[in-house]
Amino acid sequence: MVLKVVDLGVARGGVPVLEGVNFAAAPGEAVVLTGPNGVGKTTLLRTLAGLQPPYSGRIILPDAEAIAYAGHADGIKAVLSVNENLRFWARVHGQADIADAVARFGLGELAARRAGGLSAGQKRRLGLARLAVTGRPIWVLDEPTVSLDKQSVDLFGAAVRAHLASGGTAVFASHIDMGFDVRVVDLTPFRARATVSRDYDEVFL
Ligand SMILES: Nc1ncnc2c1ncn2[C@@H]1O[C@H](COP(=O)(O)OP(=O)(O)OP(=O)(O)O)[C@@H](O)[C@H]1O
């Protein structure tokens, strides 16, 4: 299941952010999107995840349900326990087993804890463990390691490696070295040309 991005343009608030982006990610491959703050990494990942339409170009996916997305928000249900959160997502995605996700993300000791009372890093681990119970092959991740300590970054790296080894794909934005082979796509050259109106006068804003 190859993900292909063909001459993709993405926009935010109706303003083009990136244009002419091309890359592909095959089973077993990880692609990391890089570039300075504001270049459009989040916008591109949101577009891949289907949360907003492309501005131009195409995203080719053999299966419309192929992508599991983890954005800046962890998307956890605060009143449910850690295990209840994972069981909920597993049911939504038609999966039965959460044991593997619990183990991969080191959530065993937190299993009965109410998710709303977890620390930021623990919440992030739970949010990422959700990916493992979706059964979806392409993980799209926006700054997945934010709030994670070194041990948790290593757990996350191992989980992604296991996903790739089982034929999965990962596309993510990150500013840190994950410690495994990735293809880096620098988005800087694909910045859209500025579209500021000639009549624009910032004094009046
Ligand atoms: N809700 C919004 N409405 C309008 N413009 C936005 C919105 N969110 C972001 N932008 C703008 O879109 C551009 C791309 O933002 P985006 O969040 O995709 O960048 P990024 O590369 O992920 O940045 P960072 O590294 O800081 O997370 C930026 O210029 C940003 O200011």
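Here goes a summary of the coordinates provided. (Residues numbered from 1 in each chain as written. Predicted model: local features only at pLDDT ≥ 70, side-chain atom pairs only at ≥ 80, totals over all residues.)

Moving on, we get to the environment of Arg130. Within the secondary structure, Arg130 is located in helix H4 (residues 120-132). For Arg130, a count of 24 C-beta atoms within 10 Å corresponds to the buried category. Arg130 sits 31 residues away from Arg161 along the chain, and the two C-alpha atoms are 16 Å apart. Excluding residues that lie within four positions of it along the chain, Arg130 makes contacts with Gly75 and Trp89. (Helix = DSSP H or I, 4+ residues; strand = E, 2+ residues; numbered from the N terminus. Buried ≥ 20, exposed ≤ 12 C-beta atoms within 10 Å, placed from the backbone. Contact = placed C-beta atoms within 7 Å.)

What the 5 strands build is an open sheet, ordered S5-S6-S7-S3-S8; its pairing is parallel. The sheet is open, and its two edges are formed by strand S5 (67-70) and strand S8 (183-186), each paired on a single side. Each neighbouring strand pair of the sheet contributes to a mean axis angle of 15°, computed without reference to strand direction. Note: strand S3 (residues 30-34) against S8, 4 bridges, orientation parallel. In the sheet register, Val32 faces S8, and the bridge partner there is Val184. (Pairing = 2+ DSSP bridges. Axes fitted to C-alpha atoms, helices over the stretch in contact; angles between N-to-C directions.)

A word on the pairing of S3. Sheet analysis places S3 next to strand S7 (residues 169-173), joined by 4 bridges and oriented parallel. Paired with Val31 across the bridge in S7 is Val171.

With antiparallel pairing, 3 strands are arranged side by side in an open sheet as S2-S1-S4. With one partner strand each, in any of the chains shown, strand S2 (15-25) and strand S4 (56-60) form the two edges of the open sheet. For this sheet, the mean inter-axis angle between neighbouring strands, taken without regard to orientation, is 30°. As defined by bridge partners, strand S1 (residues 3-12) adjoins S4 across 4 bridges and the pair is classed as antiparallel. Looking at S4, one finds that Lys4 is bridged to Ile60.

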